[in-house]
Amino acid sequence: MASSVNLFNTGKSGLFASRTALSTTGHNIANANTEGYSRQRVDQTTSTPIGLGNVVLGTGTRVANVRRINDDFLNRQITNEMKHFGEYQEKDVALSQTENIFNEIDNDGMNRLISKFFNEYRKLANEPESESLRATLRESAIQLTSDFHRINRSLTDVQRNIDRRISASVGEANDLIQRIAHLNQEIKTMELKGGEAPDLRDQRDLAVKKLGTTANVSLATNEKGDFTVSLAGVGPLVVGTQFNKLYVESAKGDPETGRPEGGLKILLENLAPPNVTERISGGKLGGLLESRDKLIGRAHERLDELAFSFGSKLNEVHRAGYSARGTTGIDFFAPLTTKRGAAEFLRISDAVAADANVIATGLLPDSPGDNRLIQQISNLQHAKTMGGGVATFDDFYNATVTELATASHRNKHVLEHQTNIVTQLEKVRESISGVSLDEETTNLVQYQHAFDAAAKVIKVADEILETVLNMRA
Amino acid sequence: MRVSDNTSAGSVKDALRRTRGRLERLQIQNATQKKLVTPSDDPAGNSKILDIRTQATVNSQFANNGAMAKNRLQFADTALNELYDIFVRAKEIAINQSSGASASVDSRLGVAQEVTALYQQLLSIANRRVGEQYLFGGFKTLSAPYTPTGEYRGDNGEMPIEIQKGVYVPINVPGPVAFQIQRYKSEDQARSPAAVDKTQNSAAAPGEPPPSEQQGVPSIETIDAFKEIDALRVGLLTNDTITIRDTMERLDELIKNTITVRAKVSARSNSIDQAIGASEKADLSNAELATQIEDADYTELWSNLAKEETILRSSLSAAQKLIQPTLLDFLK
């Protein structure tokens, strides 16, 4: 026969289980809007029954575990997609800025200034004797060179800005790396007694997802059960409680990779050689590096090439001509020695700056009306002098703009697409792990009823005991 | 499918983000009246626009050049017209004074005064200036091309002006073209017209002596306006009817030459007009293309704006219905 004490215990187990469930429900409601939170459920099971003769009697309930409702594969998929998302996002920012430097839909840009320069020269063909026309020609040349300087400076600014973002992203990544290692430690400690630490795991998943946005990472659990995070194709960032931090270093310019002078390199601690810049792909860092070195670097390089060819070709033709002053062999632009930095250093020569009358128009000395050099200069605008004889100055410049615009256009597309993918995956995750207040409210009512009923059981047990005790009296 | 609160909130946010994004784009298009706002909106279109702009800018300069050139040619034409009058008058005098019937020693002496005046007129035309520039000096535009004795100090330079991509028209007539004729001596008369033309063309290199009269090559004579008028004057003064008669035929050549040169000058004006016309046509069709590429289409823009606004309203009201009620509202 079951003792009434046993009934007390059964009731107590019910009370305890309901209270646990209620507090878990409260926890869920409280965290309904916590980023990365997975709803939690109480796993209840019957406690060990006791045998009484030919009867096996239940002894109530037991809380086996509080676990989070979560799909690990989905989390990994999200982390994996986040690297593209981060990459495209950073590229979008960089490319939008860059294409705006070249945007001349509403204002005068280099395209128009090149034509303006040639036009001013053509104007001189009517009155090759005129000093005032020479002065306006010189003015348009100065305008053109300052536009080269403007674009050059703006591109450098964008690159510097990217470096600052790289530096910030590396800092952010290091925080996350440290946090993951720390959480690994805590989770290990918490779970020594069995069961899982749902909140800590949520936090770690969130940190990994964020790290995955910054760089392409791969996740694994090693033979000792340590959770590891590696920079894909490079090396481990976190192994259990150990971690390696990233750091940045200012480096020399590299024409091969397109890195600008003073651009940052990314390095990893405890790696030989530590430089990982070229091995980083994807994530914010990958997007930033690609924007800085490949996309903007290339535009920069092409701008230099244009400035160099423009200056040199014009000088070459100009030197052969004679001016109103009778001078010949004069450079229009200060001579350039290398392509690198040409856009920065292109300016009119000292001779032209000092006296506009040394600007040549003719092919013969002592012939103030000779305007035949202008013919050759004018032809330069339409001559295929760039890219090994396939493009004019205009073509070359337009192609540079188009390349950037196309990259930006394409990136906007994939960013939109990737945003959809990520949104969709997050939606799936929320539908699995997210808190539904309706559901929790229902649970609240349900568990409250269970609690009430369990209390009733104890009350009944109490009454039974009292009845028994009062029998003697 | 299980729907959590974050799922529905996320859906609402996502829908609003999209609609707002599209509306924002339409607003910018509406404000700028352009559908091409940044190069990445249409990279190929942007490239085409840049191309069209270059062409338009260059064409406008060609048009300006053409207008200036026409003005200059007009001056040359006027000068040539006056030249023609001088030669015609001189020839009249020569015809009148060469026969004994209509003229006498006295009349010749009297008319010689007029011929002297004609010579001065000729010299003033030859040294005429437009602004700073001497019209007939070739490239030597800043110094008087003819000395009082009719010696040429200029060169044979023709100033080319670009009126269309790669198309050049000379805007000046060097003195020797207007005031001199080179022709084969009368025994080769049959071949001369074409040959004269040729020598004129090849005389483009200034400073080079006219083709010399070498052995085998038919000898060339030069008719010079100053010399002829002067010869006429001397003939009249000396009462030398043979010289006077001789000038008649040469003055005739000069008249013919003036007509030819004027025809050439007006042909240049015509080709400038044609080139400008062609550029204007190209500009027009380019402008049409540019409009298609970069300008916003009102009807489309407004209907899209209206559409997006409706979508925004309906997603907002859907959001209101979706977010508000929870079980808690019914448990009170």
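How each quantity is defined
- Residues numbered from 1 in each chain as written.
- Chains lettered and ligands numbered in written order.
- Predicted model: local features only at pLDDT ≥ 70, side-chain atom pairs only at ≥ 80, totals over all residues.
- Helix = DSSP H or I, 4+ residues; strand = E, 2+ residues; numbered from the N terminus.
- Rg over C-alpha atoms; globule rule 2.2 N^0.38 Å.
- Buried ≥ 20, exposed ≤ 12 C-beta atoms within 10 Å, placed from the backbone.
- Axes fitted to C-alpha atoms, helices over the stretch in contact; angles between N-to-C directions.
- Parallel < 35°, antiparallel > 145°, perpendicular 65-115°, else oblique.
- Left-handed = near helix turned anticlockwise from the far one by under 90°.
- Contact = placed C-beta atoms within 7 Å.
- Nonpolar A, V, L, I, M, F, W, Y, C, P; charged D, E, K, R; others polar.
- Pairing = 2+ DSSP bridges.
- Domains from an automatic or database assignment.
- Core = buried A, V, L, I, M, F, W, Y, C linked by C-beta atoms within 7 Å.

Participant: Any chance you could break down the overall build of chain B for me, citing the residues and the numbers?
Facilitator: Along its length, chain B carries nine helices and six strands. Compactness check: chain B gives a C-alpha radius of gyration of 38 Å against a globular reference of 20 Å for 332 residues, more than 25% above the reference. Considering only C-alpha atoms, chain B reaches an extent of 140 × 45 × 35 Å along its principal axes. Every one of the 332 residues in chain B was classed for burial, and the buried ones make up 34%.

Participant: Run through the packing of helix H10 (residues 393–433) of chain A against helix H2 (residues 43–98) of chain B, naming residues and quoting values.
Facilitator: At a minimum axis separation of 8 Å, H10 of chain A and H2 of chain B run at an interaxial angle of 155°. On the basis of their axis angle, the class for H10 of chain A and H2 of chain B is roughly antiparallel. The chirality of how H10 of chain A crosses H2 of chain B is right-handed. The segment H10 of chain A lies against H2 of chain B, with Asp394, Asn398, Val401, Thr402, Ala405, Thr406 and His409 of chain A engaging Pro43, Asn46, Ser47, Leu50, Asp51 and Thr54 of chain B. A per-class count over the contact of H10 of chain A with H2 of chain B returns four nonpolar, seven polar and two charged.

Participant: How would you summarise helix H9 (residues 372–382) of chain A if you had to cite specific residues and measurements?
Facilitator: Residue pairs three or four apart in sequence face the same way in an α-helix, which turns once every 3.6 residues. For H9 of chain A, the complete set of buried residues consists of Arg372, Leu373, Ile374, Ile377, Ser378 and Gln381 of chain A. Of the surrounding elements, those touching the buried residues of H9 of chain A are helix H3 (110–126), helix H6 (283–319), strand E12 (360–362) and H10 of chain A together with strand E3 (160–164) of chain B.

Participant: Would you mind going over the sheet that holds strand E6 (residues 227–231) of chain A in detail, with residue names and values included?
Facilitator: Sheet strands line up and pair through hydrogen bonds in the backbone, either parallel or antiparallel. All names here are of chain A. Pairing is antiparallel across the open sheet formed by four strands, whose spatial order is E5-E6-E7-E8. The strands lining the two open edges of the sheet, one partner per strand, are strand E5 (217–221) and strand E8 (242–243). In the sheet, E5 pairs with E6 via five bridges, with the strands oriented antiparallel. Within E6, the residue paired with leucine 219 across the bridge is valine 229. Most of the contacts of helix H4 (residues 131–191) go to strand E7 (residues 235–239), to which it runs at about 50°, and overall it touches E6, E7 and E8.

Participant: Tell me about the interface of chain B and chain A, and name the residues and values.
Facilitator: Each partner contributes to the interface: chain B provides 50 residues, whereas chain A provides 48 residues. Elements represented by at least two residues in the side of chain B that touches chain A include exactly helix H1 (5–32), H2, E3 and helix H9 (327–330) of chain B. Among the elements that make up the side of chain B that touches chain A, the one with the highest residue count is H2 of chain B (14 residues). Of the residues in the side of chain B that touches chain A, the class split is 19 nonpolar, 19 polar and 12 charged.

Participant: Tell me about the domain arrangement of chain A, and name the residues and values.
Facilitator: Frequently, the measure chosen for interface size is the accessible area that the parts lose on association. Residue and element names in this part refer to chain A. For chain A, the assigned domains read domain 1 (4–69 + 435–470) and domain 2 (77–421). Across the contact, nine residues belong to domain 1 and eight residues belong to domain 2. Looking at the side of domain 1 that touches domain 2 element by element, the count peaks at four residues for strand E4 (residues 61–68). Classifying every residue of the side of domain 1 that touches domain 2 gives two nonpolar, four polar and three charged.

Participant: Give me the pairing of E6 of chain A: which residues, what numbers.
Facilitator: Residues and elements named next belong to chain A. Residues Phe227, Val229 and Leu231 of E6 are buried on one face, while the alternating residues Thr228 and Ser230, pointing to the opposite face, are not. The loop that links E5 with its antiparallel partner E6 comprises five residues; one of these, glycine 225, has a positive phi angle of about 85°. Across four bridges, E6 lies against E7 in antiparallel orientation. Looking across to E7, one finds that leucine 231 is bridged to glycine 235. The hairpin turn running from E6 into E7, its antiparallel successor, is three residues long, and glycine 233 in that turn takes a positive phi close to 75°.

Participant: Explain the environment of isoleucine 272 of chain B to me, and be specific about the residues and the numbers.
Facilitator: Residue and element names in this part refer to chain B. Within the secondary structure, isoleucine 272 is located in helix H7 (residues 241–294). Isoleucine 272 gets classed as buried once you count the C-beta atoms within 10 Å, which come to 25. A sequence separation of 111 residues divides isoleucine 272 from isoleucine 161, and the C-alpha atoms of the two residues are 9.9 Å apart. Leave out the neighbours within four places in its chain, and isoleucine 272 touches Gly66, Ala69, Lys70, Ile163 and Val169.

Participant: Tell me about the environment of valine 317 of chain A, residues and numbers included.
Facilitator: All names here are of chain A. Inspection of the secondary structure assignment puts valine 317 in helix H6. Among the residues examined, valine 317 registers 18 C-beta atoms within 10 Å and is labelled partly exposed. When the C-alpha positions of valine 317 and valine 239 are compared, they lie 65 Å apart, and in sequence the two are 78 residues distant. If near-sequence neighbours (up to four positions away) are discounted, valine 317 is found in contact with Gln376, Ile377 and Leu380.

Participant: Mind laying out the nonpolar core, listing which residues take part and the relevant values?
Facilitator: Among the nonpolar cores identified, the biggest contains 134 residues, and Ile177, Ile180, Leu211 and Ala307 of chain A together with Ala90, Val115 and Leu232 of chain B are the most heavily contacted of them. Looking at which element gives the most residues to this core, the answer is H4 of chain A, with 17 residues. Apart from residues no more than four positions distant in its own chain, isoleucine 180 of chain A is found in contact with Arg204, Ala207, Val208, Val229 and Val238 of chain A.

Participant: Before we move on, can you summarise unusual backbone geometry with the specific residues and values?
Facilitator: Along the chain, alanine 272 of chain A connects to proline 273 of chain A via a cis peptide bond; the corresponding omega equals -10°. Structurally, proline 273 of chain A can be placed in the loop between strand E10 (264–268) and H6. Positive phi, normally seen in glycine, also occurs at glutamine 33 of chain B, with a value near 65°. Take glutamine 33 of chain B: it is sitting in the loop between H1 and H2. Taking the C-beta count within 10 Å as the criterion, glutamine 33 of chain B has 11 such neighbours and is therefore assigned exposed. One non-glycine residue, asparagine 239 of chain B, lies in positive phi territory at about 60°. Residue asparagine 239 of chain B is classed as partly exposed on the basis of its C-beta count, with 16 C-beta atoms lying within 10 Å.

Participant: Before we move on, could you go through the packing of H6 of chain A against H10 of chain A and cite the residues and values that matter?
Facilitator: All names here are of chain A. H10 packs onto H6 with a crossing angle of 175° between their chain directions and a minimal axis gap of 10 Å. Judged by the inter-axis angle, H6 sits roughly antiparallel to H10. Where H6 approaches H10, its residues Leu295, Ala299, Arg302, Leu303, Leu306 and Phe310 are matched on the opposing element by Phe393, Phe396, Tyr397, Thr400, Leu404 and Ala407.

Participant: Tell me what's going on with the environment of isoleucine 330 of chain A, and back it up with residues and numbers.
Facilitator: Tracing the chain through its elements places isoleucine 330 of chain A in the loop between strand E11 (322–323) and helix H7 (342–345). Setting aside residues up to four positions removed in sequence, isoleucine 330 of chain A forms contacts with His318, Arg319, Ser323, Ala351, Val358 and Ala360 of chain A.

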